[in-house]
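Residue-level structure breakdown
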Amino acid sequence: MPVDPLELTAAPAEMPMVGIQGTITRFAPSPTGLLHMGHAYSAVLAWRRARQSGGDFLLRLEDIDPGRCRPAFAEAILDDLTWLGLDWDGPVRRQSEHLADYRHGLERLAALGVTYPCFCTRAEIAAEIARAGQAPHGPDGSRYPGLCRGLTEAERRRRLLAGDAYAIRLDAGAAWALTGPLPWHDRHVGTQTVARAHIDDVVLARKDVPTSYHLSVTIDDALQGITLVTRGADLMAATAVHRVLQAVLKLPVPQYEHHPLVTDDTGRRLAKRDRAQTLRALRQAGVTREEVLARLPAV
Ligand code: GLU
């Protein structure tokens, strides 16, 4: 008898279903590698939350990085999900086909005065962090030390006219002045409040790509009508930034379920580099879908 992912262990009683009826979830992998057991867990969790509430499970490929994304990985992802027994509603949303949506969001943010161009190279940022001593931690690692935030308008214009490459950053201070503290709800840790210290001048549009993870994920979750965002606990810090972007752009606020990360036998979190743990490798080694589902943590 094939195991139905719906039949996996029920959610603990202390976690009431959010949205109750018609929860809309998504699985949003980047096609930069093959899916591993951690992705399988994330996908099954999102699928189950949607199906158990009679809602929709949507699939989105976060393929904005042409240097790292491969069509073969996108194909393998769809194939592995189908093999797992997961079905999704509607067409797959490929972020690379929706750059106009992100540009529109960026224009709105710029019009509100919460963005600025950043000409820094990685090396300049690293050198400034080293010079200033230890940099506080932000949602993307070390905080941006703010070099380009303070440029004068004349200097900005000069560099833009000179054709210097630039990213667009969120001016977190200016955004905070518009929003103040903001609540959001996570199914595991309860209601959280975004504090000023949780947000940073994150990149909204990269030098080489006219958007970023933070901008496109926030816009897509709204455009796709996602009511419950399920993803790994490693992305919890990013949620504060997304919550601020939602408030500034006046987008609906979904609920969140940041789930524990799947680890290997030594307690290390799985990564795309762990070839042996990919669903592809397990399938090739003769592991069945039922065995994969049974190995996943309860959802
Ligand atoms: N694309 C992200 C990843 O593969 C997931 C983003 C999200 O779920 O918000 O890690």
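Starting from 1, residues in each chain are numbered consecutively following that chain's sequence as written. At least 70 in pLDDT is required for a residue's local features to be given in this predicted model, at least 80 for side-chain atom pairs to be given and counted, and no such filter applies to totals for whole chains, interfaces and linings, which use all residues. Just so you know, side-chain values use all the structure's heavy atoms and leave hydrogens and water out.

Considerations on the overall build of the chain
From N to C terminus, the chain includes ten helices and twelve strands. Only C-alpha atoms enter the radius of gyration, while the globule expectation follows 2.2 Å times N to the 0.38, with N the number of residues. Over its C-alpha trace the chain gives a radius of gyration of 20 Å, about what one expects of a compact globule, namely 19 Å for 299 residues. For the chain, the spread of C-alpha atoms along the three principal axes comes to 70 × 40 × 35 Å. Burial classes: relative accessible area under 20% of the type maximum marks a residue as buried, over 50% as exposed, and values in between as partly exposed (1.4 Å probe, protein chains only). Scored against the burial criterion, the 299 residues of the chain give a buried share of 48%. Considering only contacts in the chain between residues 6 or more positions apart, those separated by 24 or more positions represent 80%. Neither His nor the chain termini are counted; the positive set is Lys and Arg, and the negative set is Asp and Glu. By convention, the charge on Lys lies at NZ, on Arg at CZ, on Asp at CG and on Glu at CD. On the chain, the mean spot of the 36 positive side-chain charges and the mean spot of the 35 negative ones are 4 Å from each other. By the criteria applied, helices consist of DSSP H or I runs no shorter than four residues and strands consist of E runs no shorter than two, each listed in order from the N terminus. Contacts are assigned to residue pairs with any non-hydrogen atoms lying within 4.5 Å of each other.

Considerations on the site of the ligand
Surveying the vicinity of the ligand reveals the residues R26, A28, P29, S30, E62, Y213, V217, R231 and L235. What qualifies as a polar contact is a pair of N or O atoms within 3.5 Å, subject to a donor-acceptor requirement within protein and to the restriction that residues adjacent in sequence count only when both atoms come from side chains. Interatomic distance of 3.2 Å between a side-chain N/O atom of S30 and a nitrogen atom of the ligand. Between a nitrogen atom of the ligand and a side-chain N or O atom of E62, the distance comes to 2.6 Å. Every accessible area reported is derived by Shrake-Rupley at a probe size of 1.4 Å, with residue values counting cover from the shown protein chains alone. For the ligand, whose accessible area on its own is 300 Å², the fraction buried by protein is 77%. Being near a molecule or strand, for a residue, means having at least one of its heavy atoms within 4 Å of it.

Section: the packing of helix α6 (residues 172–179) against helix α8 (residues 236–249)
Packing of α6 against α8 brings their axes to within 10 Å, and their N-to-C directions diverge by 60°. Looking at the two axes, α6 sits oblique to α8. Two packed elements cross with a definite hand, and for α6 against α8 that hand is left-handed. Contact with α6, carried on its side by A175, L178 and T179, involves V244, A247 and V248 of α8 and no other residues of that element. Polarity classes work like this: nonpolar for Ala, Val, Leu, Ile, Met, Phe, Trp, Tyr, Cys and Pro, charged for Asp, Glu, Lys and Arg, and polar for all others, with Gly in that last group. Among the residues making up the contact of α6 with α8, the classes are represented as five nonpolar, one polar and no charged. With axes taken as lines fitted to C-alpha atoms, and helix axes fitted only over the stretch in contact, angles between N-to-C directions fall between 0 and 180 degrees. Orientation categories follow fixed angle ranges, with anything under 35 degrees roughly parallel, anything over 145 roughly antiparallel, 65 to 115 roughly perpendicular, and all other angles oblique. With the far helix as reference, a near helix turned anticlockwise by less than a right angle produces a left-handed crossing, and one turned clockwise produces a right-handed crossing.

Considering the packing of aromatic side chains
Aromatic ring pairs are defined here through the distance separating the ring centres and the angle between the ring planes. Stacked, edge-to-face and tilted are the three classes for Phe, Tyr and Trp ring pairs, Trp counted by its six-membered ring, which pair at centre distances within 6.5 Å; planes under 30 degrees apart are stacked, over 60 edge-to-face, the rest tilted. The final tally for this structure, using the stated rule, is two aromatic pairs. Measuring from ring centre to ring centre gives 5.9 Å for F119 and Y166, while their planes differ by 55°; the resulting arrangement is tilted. With F119 in the loop between β4 (115–118) and α4 (122–132) and Y166 in the loop between α5 (153–161) and β7 (167–170), the pair connects residues that are 47 residues apart, well separated along the chain. Classification of Y166 as partly exposed rests on a relative accessible area of 37%. Ring geometry for W184 versus Y256: centroids 5.5 Å apart, planes at 80°, classification edge-to-face.

Let's talk about the environment of C69
Relative to the helices and strands, C69 resides in the loop between β2 (57–61) and α2 (71–84). Accessibility expressed as a relative area gives 11% for C69, which makes it buried. Each C-alpha atom, one on C69 and one on G33, is 7.8 Å from the other, the two residues being 36 residues apart in sequence.

Structural notes on the packing of helix α3 (residues 99–111) against helix α7 (residues 213–223)
Between two packed helices, the angle of one axis relative to the other and the distance separating the axes together describe the packing. Packing of α3 against α7 leaves a shortest axis separation of 10 Å and a crossing angle of 105°. If you check the angle between α3 and α7, you find them roughly perpendicular. From α3, D101, Y102, G105, L106 and L109 reach across to α7, where they touch L215, S216, I219, D220 and L223. Of the residues assigned to the contact of α3 with α7, the class counts are six nonpolar, two polar and two charged.

Geometric values such as these leave the question of function open.
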